[in-house]
Amino acid sequence: MAHLLLRHRDIPNLDQLDVYVKNGGFEAFKKAVTAMQPDAVTEEVKASGLRGRGGAGFPTGVKWSFIPKNITPHYVVANADESEPGTFKDREIMDFNPYQFLEGLAIASYAVQANLSFVYLRGEFYYLAKKLDACIAEMEKAGYLGDNLFGTGFSLRLRTHLGAGAYICGEETALLESIEGKRGQPRVRPPFPAVVGLYSKPTVINNVETLANLPYIVTNGAAGFRKFGTDKSPGVKIFSLSGNVNKPGNYELPLGATFRELIMGCGGGISDGRKLKGIMPAGASSSIIRVDDTNLDKVLDTTMDYENVQSVGSLLGSASVIIIDDSHSMDWVINKTVHFFKHESCGKCTPCRDGNYWMLHLVERIHEGHASAGDIQLLKTVANQVNGKCLCALGDFSTMAVTSALERFPEDFHVGQA
Amino acid sequence: MAKLINLTINGVAVTVPDGTLVVDAAKKAGIDIPVFCYHPKMEPVGMCRQCLVEIGRPAIDRATGQPALNDDGTPKLQFMPKLETACTNPVSEGMVVLTATEKAKAGQKELLELLLTSHPLDCPICDKGGECPLQNLTVEYGSSQSRFIFDEKQRADKHVHLGELINLDRERCIQCARCIRFQRDVAGDPVLGFYQRGRLTDIVTYSDPGFDSVFSGNTTDICPVGALTTADFRFGARSWELKQSASLCAQCPVGCNVTFNTRREAKSGGVMAIKRVMPRQNEQVNETWICDKGRFAGYHYTEAESRLGLDAASMESALSQAADKLAAAKSDAVFLAGGRLSNEDFYNLKQLAAKLGAKAYLYSPMAGGEYTTAYGLGAGSNLGDLGKDDTVLVVASDLYNEAPVWHLRLKAAAKRGATLIVAAGRATKLDEFASFVVRYAYGDEVETVKGLAGKEKIGDAIKNAANLVVFYGSDGLGLAGTSALAAACADLLNGKTGKVNNGLVGVWNAPNTQGAYELGLAPAADLKSELKGKTVYVIAADPAGDDPALADALKSAKAVIAQDILATATTQMAAVVLPAAAYTEREGTYTTAERRVQRFYLAVPAKAGTRADFAIFAELGKKLGVELEGRSALLVMNKIAAEEKAFAGISYARLAEVTAQWPIVGRGDLYYGGTGYENKLGLGVHLALALTPAPSTSGRGGQMRPKENELVAVPVSKIYDLGVTMAPAKLLGQRIGAAAVGLNPVTAAKLNVENGGKVQVQVNGVTAEAIARFDESISTGVVLIYRSFGIPISEPTSVKIVVAEKA
Amino acid sequence: MRLVEPFLELMTGMMTTLKMLVTEKPVTVQYPEEKKAVKPRYRGRHYLTRYENGLEKCIGCALCAAACPADAIFVEASENTDEKRFSPGDRYASTYEINMLRCIYCGFCEDACPTEAIVLGDNYELSFTDRRQAVYTKEMLILPVPQGGAPTPQVTEPGKFTRSVPEMKDPVD
């Protein structure tokens, strides 16, 4: 099957404008701007059932329709912060298929009538920012960006913006603060960015992969898009597979493919022939799915879409599937995730700031074998104490792996021999 | 009037205006929800998460769009699965808030436990101990035991100087950002910020010198822990050992309500001493804020070593001598009184002078009081009420330096939508918040104001203003200039006289200049010639120290009687010196420039061998055969109320009245509004407008403007100077700096003067050294000379600037 | 019978007296030549204690004064520096006075003290000829410098004594 998003794997040199244009590039954008009303684009995307690929899975078209028309200007921001451990899909798109993403961004900008849109990249993506800047310059030269596009009076400009390397800036309101030049910390919601966003104006924030889907939808229509995936989760998805598998990497599969297809098929099975022990389907923010002899087939045959992953006690999220084999103890795994979240907590709200610091001490004690009898129970309590009280979702995410590991892998947590 | 919303909090029905936050609605109903980051004067941010409550909203039936009902017909409520923050959620119709359920209480307790994991066990030595929101909430909501291992606490710097005035303890900080938000949103001085992230988040100051803001002390009031404390109160006393005395700040004409905290202490020789100055809430004057000059310089001059005092016998003989001299002089006596005196003092002084047939003058660098008494703010005015459709004009005044709390309140008014017009000869801090900035050349003040009404947008804003308040000051002006400027400003107010929230306000340099004007005193147009050969009675003023020319004039006087609290150049040359009690040591009233009469109370016992000024006048009166009230300030006020029309109906009892104020501060819940004090002893009373006919406001002007190749020096003010009420404050002294002159770089280039270079200033017969500071916003040919820096300047005058030779 | 009965009763009483005179030891203590030992938890005159290095334990927090039901304690604090250090941390008591006439020896001050600086000793021999003598100052209350310690104020190494309240293990009763 030809790739929809990772088209560069089929077509060499797709990151060159002439190659991209030769292969149907910017036809969709031209079609949208010249032949469609902005609302029609939004309706088409709504009908396609495209859901946000950044993690939350919110329907993209619905998100656009929240933008109030009487407050201008509007902005579109592409979230290219991609900081979730285990996620590396946007990087590949931007590096090898940048024009498809930028075309998607342009279509989204037209749909919500934004004349200035941003690409927000994490600080470590400076080389991608350079590349995107060059691509944007090429597009401007070729007349795909600027004033009076295709003679319609619609004008659009794109800008890249580099963050300074903070996980929290992938949270959409923190991202907006960061673009505005402030500390990257989440805002209180409501008001939502769709009403009060960048520079207090209505703003749409979409993930890179989401945007990369748009040219296909505009060209082939909602029905064409719905050929892939399931009814509630249509389309294809890039799964970033990592951990103890033989062939880690990005794999583009229709939503609704099973874990078996991904892990055993694409990934070539568990490395060193070991046994599968746990799956983290959404990077460090996931609840860990327990896999053992009793449920191995059930888990592997679970379809990967936004609904069904819940049936095995986790969420699809950004589909950064981390495979853990039986050589690892879960106390080691959550030691890693809590370290990460403690380091990346922005410090704005108390539960995440202080809770992760506390959890880190507890998981370290457990991992190093100094834990007292009460420590494991206390870790569970602290995780519950943090969960549900934070300002943004990332605070809650920090506890997912901890609570699920404690609940599903109790045998991995030991009281120390002190 | 906003729509009213009905909701229920813990079963109590509450009705509040639309847009009210749940936490405020609860407060109004007498229900406390614990908060740290929320402050009623600032926008909510929902950072600390302490105010977790359960909120239920009426559910809507999706099918019908109507409110869903339970089986028994009551509206069905929809509760979120998570607890919500009361500080970020506005009320909505039919909302049910539960703050004390098991779930909510558990949430609050768990949150507090998390906060305490990062807090040191410092309470015994912490200056906030005893009035600390975190301490109070821990007792009320917290667990008595910690499950966190103490050794794992994060260590941080304990004693960081954020500038000379404010200390930071990084361990104690709970990252609520109240200080950062206050500086950014309320004060408009964004000099604080966060550094690092997560658990390492630190408060840092961006400015040099550190924490460079005249409102910095307020952050220590609203800091919910002991992270920010003032340097002057460091280890001064425990909060529960302090007594409270309601008083006023006497540093400027705003009249901020303050509370002096006093304590008997061994360090001060076993007597009562003022330990710190805290704001006292008066929403119509200073809200809950005070500036650093009031907090750190406030009362220090009353404790200066140069305080005067006489034993009983000497006092008696001094009084007799003074009486003899006045009796001999009769109408040849001249009374000269500074604006530091209270209304009662001015009244007795006026009576005494009148009986002698002597002239009584106010000693002030600024005139125009006849206009502020006739065109002043109407009764009931409140700068906090100004907003959309209202216009505020500030002319020739740098409020940030001259009356900081007005700066803060006008900034807030501009934010609420009032049109703020700032007209000045140089850039001021208020420009940033103004809708219109008018820049004129020094000397053009009156013409500029006269021309404002003719300008398109500004003219409309003034003419069509629902309410118009005009502030005028003495930036670059002397007596003649301010008088003409006041007249021009009053012209703008024709037709609005006496209305609420309309009027003319003089930015005086003393706390009770307005009171002196209200009681009929005014400055002499040519003071020097008035003094020659007369018996001069100088009260609460130091003309000799201010200006060598006045010192010469006093030398030519027949005799000088000086009455003051401190030894000054004038008391040194006086034949008789009468030591007066400071205002902290007695009762009295001041009239603010907004024409509000406010009471101050006794805070500490009078220094031995001093008497209140009004009592000294009464004593002299007794010797001169004039009957004056000298027993108590209250009785003097009764006489003033009976005889002075403007003061009709004012009594000490009325001045002590208090009505409910919002937000509620200073009660047990220090976490809500901070440690500023609740006002229990009087909000003050507005004067009625003087019924004298409005003075003619036409046909004056003509200011001095520099000619080609000539320099004109103009007087301007700086908040921290070397004046007598400022100099004794040691802590603030570090912020004063050296005498400086301001020059346009173009002017400076002609003189070969460098920015920051030393120059010799020859003005008013004096040669002094100063540092040159460039200011591109001022007109060429003008030299700004700061008042009270040792260079005498009272009127615009010619000046010579020479580059000082390098040593 | 009527005569004998009272006599017998008298004799019984006298016998008891006689017996006691011979068998019991006297309880009168010849104070001040002879002093009675006090019970271990007796609460007598207060002392201010020191650490082994000679630094004062008192940090001038005035919690003793706050706890005192008789308002007998007066504390005023000042700031320590490394050049002139009296106690660990930033704060020390520059004035510490107890009015022994007011004191009711309840020991609340001892309970309130976060650093175990003030302790009630076993000295009950307090007498004054002037009310002013009853005010014990810090110099009178503080114990002498222990062997190996240095008198206060000390010059100390910067950064060594940054904490006022020592990090104590869970108190064991």
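Quantities reported herein were computed from a predicted structural model and do not represent experimental measurements.

Turning to the overall build of chain B, a few remarks are in order. The helix and strand tally for chain B stands at 25 helices and 33 strands. If you line up chain B on its principal axes, its C-alpha atoms span 95 × 65 × 60 Å. In chain B, buried positions account for 63% of the 807 residues. Intrachain contacts of chain B at a sequence separation of at least 6 include 72% that bridge at least 24 residues. Accessible surface, chain B: about 29200 Å² in total, of which carbon and sulfur atoms supply 51%. On chain B, the mean spot of the 87 positive side-chain charges and the mean spot of the 87 negative ones are 1 Å from each other.

A separate point is the interface of chain B and chain A. Reports of interface size often rely on the accessible area that becomes lost once the parts have come together. Contact residues are listed per partner, giving 32 residues for chain B and 29 residues for chain A. Carbon and sulfur atoms supply 54% of the area that chain B and chain A bury against each other, a total of about 2700 Å² over both sides. Where chain B meets chain A, there are 5 salt bridges. Taking the shortest distance from any N to any O, the salt bridge between R199(B) and D354(A) comes out at 3.5 Å. At the junction of chain B and chain A, the tally comes to 23 residue pairs in polar contact (both at pLDDT 80 or more). Counting residues per element, the ones that place at least two in the side of chain B that touches chain A are α2 (102–116) and β9 (192–195) of chain B. Of all the elements, α2(B) adds the most residues to the side of chain B that touches chain A, at 6 residues. Class assignment for the residues of the side of chain B that touches chain A results in 13 nonpolar, 10 polar and 9 charged.

All names here are of chain B. Reading across the sheet, the 3 strands line up as β7-β8-β11 and stay open at both edges, with antiparallel pairing between neighbours. Because the sheet does not close on itself, it has two edges, and the strands there are β7 (160–162) and β11 (228–230). In this sheet, adjacent strand axes meet at a mean angle of 35° when their direction is disregarded. Of the strand pairs in this sheet, strand β8 (residues 166–168) and β11 are connected by 3 bridges, and their pairing is antiparallel. Bridged to L168 within β11 is L228.

Attention now moves to the arrangement of the chains. Among the 2 pairs of chains in contact, the pair with the most contacts is chains A and B. Separated throughout, chain A and chain C approach each other most closely at a C-alpha pair spaced 17 Å apart.

Within the structure shown, the criterion is met by 36 aromatic pairs over all chains. Ring geometry for Y20(A) and F26(A): centres 5.3 Å apart, planes at 80°, overall edge-to-face. Exposure class is identical for Y20(A) and F26(A). Each is buried. By the ring-pair criterion, three or more aromatic residues cluster together here, those being Y20(A), F26(A), F29(A), Y99(A), Y144(A) and F150(A). Sitting over the ring of F433(B), K411(B) keeps its end group 5.2 Å from the ring centre.

In this section: helix α15 (residues 393–408) of chain A. Residue and element names in this part refer to chain A. Taking 1.5 Å of rise per residue, the 16 residues of α15 would be expected to cover 22 Å, and the 23 Å separating its terminal C-alpha atoms lies within 8% of that figure. At T399, α15 shows its strongest bend, of approximately 25°. Among all positions in α15, only L394, G395, D396, S398, T399, A401, V402, T403, S404, A405 and L406 are buried.

In this section: helix α10 (residues 259–266) of chain A. Residue and element names in this part refer to chain A. Residues of α10 that are buried include every one of F259, L262, I263 and C266, and no others. Down the axis, α10 shows its buried residues gathered within 120° of arc, on one side only. The first or second residue beyond α10 is G268, which carries a positive phi of 70°.

Turning our attention to the pattern of salt bridges. Within the structure shown, the criterion is met by 81 salt bridges over all chains. Put simply, D221(B) and R295(B) hold a salt bridge, and the shortest N to O gap is 2.7 Å. Of this pair, D221(B) sits in helix α5 (residues 217–222) while R295(B) is found in helix α6 (residues 292–297), placing the two residues 74 residues apart along the sequence. The buried category is assigned to D221(B), whose relative accessible area is 5%. Several salt bridges share partner residues, and in doing so they unite D122(B), R155(B), K158(B), D169(B), E171(B), R172(B) and R163(C) into one network.

Taken together, the contacts link 21 residues of chain C with 21 residues of chain B. Contact between chain C and chain B buries roughly 1700 Å² in total, counting both sides, with carbon and sulfur atoms accounting for 52%. Here chain C is connected to chain B by 4 salt bridges. The interface formed by chain C and chain B contains 8 residue pairs in polar contact (both at pLDDT 80 or more). Secondary-structure elements contributing two or more residues to the side of chain C that touches chain B are α2 (63–67), β2 (73–79) and β3 (91–99) of chain C. Looking at the side of chain C that touches chain B, the element that brings in the most residues is β2(C), giving 6 residues. Grouping the amino acids of the side of chain C that touches chain B by side-chain chemistry returns 10 nonpolar, 4 polar and 7 charged.

Our focus in this paragraph is the nonpolar core. Residues and elements named next belong to chain B. Counting residues in each nonpolar core, the largest one holds 132 residues, and the members touching the most others are F335, W406, F471, Y537, L578 and L620. Looking at which element gives the most residues to this core, the answer is helix α14 (residues 479–492), with 9 residues. Look past the residues within four positions of F471 in its chain and what remains in contact with it is L383, V392, L393, V394, V395, W406, L410, V505 and V507. Membership of the second largest hydrophobic core comes to 105 residues, among which are A26, A86, A748 and I793.

Time to look at the packing of helix α13 (residues 350–367) of chain A against helix α14 (residues 373–386) of chain A. Residues and elements named next belong to chain A. The contact between α13 and α14 brings their axes to 10 Å, and the two run at 160°. Looking at the two axes, α13 sits roughly antiparallel to α14. As for how α13 packs across α14, the hand of that crossing is left-handed. Contacts between α13 and α14 involve P351, C352, G355, W358, M359, L362, V363, R365 and I366 from the former and D375, I376, L378, L379, V382, A383, Q385 and V386 from the latter. Among the residues forming the contact of α13 with α14, the class breakdown is 13 nonpolar, 2 polar and 2 charged.

We now examine the domain arrangement of chain B. Residue and element names in this part refer to chain B. You can read the domains of chain B as domain 1 (4–100), domain 2 (112–230), domain 3 (369–509) and domain 4 (712–805). If you average the C-alpha positions of domain 2 and of domain 4, the two centres end up 39 Å apart. Residue-level contacts link 9 residues of domain 2 with 6 residues of domain 4. Across the domain 2/domain 4 interface, buried area totals approximately 580 Å², and carbon plus sulfur atoms make up 55% of it.

So, on to the environment of K138(C). Residues and elements named next belong to chain C. Within the secondary structure, K138 is located in helix α4 (residues 138–141). Sequence-wise, K138 and E5 are 133 residues apart; in three dimensions their C-alpha atoms are separated by 69 Å. Those residues in contact with K138 that sit more than four places away from it in its chain are L48, E56, F86, Y92, A93 and Y96.

Once that is clear, we can look at unusual backbone geometry. Excluding glycine, a negative phi dihedral is what most residues carry, and trans is how most peptide bonds are arranged. The omega torsion across T72(A) and P73(A) is -5°, close enough to zero to call that bond cis. Tracing the chain through its elements places P73(A) in the loop between α4 (60–65) and β1 (74–80). Here the residue pair D208(B) and P209(B) is connected by a cis peptide bond, since its omega of 0° sits within 30 degrees of zero. Here P209(B) lies in the loop between β10 (202–205) and α5. A positive phi angle is found at K330(B), which is not glycine, with a value near 50°. For K330(B), a relative accessible area of 47% translates into the label partly exposed. The backbone phi angle of N752(B) is positive, close to 60°, even though this residue is not glycine.

Next up on the list: the sheet that holds strand β22 (residues 535–539) of chain B. Residues and elements named next belong to chain B. If you trace the 5 strands from one edge of the open sheet to the other, you get β16-β15-β22-β23-β24, paired in parallel fashion. Edge positions in the sheet fall to β16 (359–363) and β24 (576–579), since each of these pairs with one other strand and no more. Each adjacent strand pair in this sheet contributes to an overall mean axis angle of 15°, direction not counted. Where helix α7 (residues 312–329) meets the sheet, it contacts β15 (333–338), β22, β23 (559–564) and β24, and its direction lies at approximately 125° from that of β24.

Conventions used here
- Residues numbered from 1 in each chain as written.
- Chains lettered and ligands numbered in written order.
- Predicted model: local features only at pLDDT ≥ 70, side-chain atom pairs only at ≥ 80, totals over all residues.
- Heavy atoms only, no water.
- Helix = DSSP H or I, 4+ residues; strand = E, 2+ residues; numbered from the N terminus.
- Buried < 20%, exposed > 50% of the residue type's maximum accessible area, 1.4 Å probe, protein only.
- Contact = heavy atoms within 4.5 Å.
- Areas by Shrake-Rupley, 256 points an atom, 1.4 Å probe, with all protein chains shown as cover.
- Lys, Arg positive; Asp, Glu negative; His and termini not counted.
- Charge placed at Lys NZ, Arg CZ, Asp CG, Glu CD.
- Buried area = accessible area lost by both parts, 1.4 Å probe.
- Salt bridge = Lys/Arg side-chain N within 4 Å of Asp/Glu carboxyl O.
- Polar contact = N/O pair within 3.5 Å; in protein donor to acceptor, adjacent residues only side chain to side chain.
- Nonpolar A, V, L, I, M, F, W, Y, C, P; charged D, E, K, R; others polar.
- Pairing = 2+ DSSP bridges.
- Axes fitted to C-alpha atoms, helices over the stretch in contact; angles between N-to-C directions.
- Phe/Tyr/Trp six-rings, centres within 6.5 Å; stacked < 30°, edge-to-face > 60°.
- Lys NZ or Arg CZ within 6 Å of the ring centre and 35° of its normal.
- Expected span 1.5 Å × (residues − 1).
- Bend = angle between axes of the 7 residues up to and from the residue.
- Arc of directions from axis to C-beta.
- Core = buried A, V, L, I, M, F, W, Y, C linked by side-chain atoms within 4.5 Å.
- Parallel < 35°, antiparallel > 145°, perpendicular 65-115°, else oblique.
- Left-handed = near helix turned anticlockwise from the far one by under 90°.
- Domains from an automatic or database assignment.

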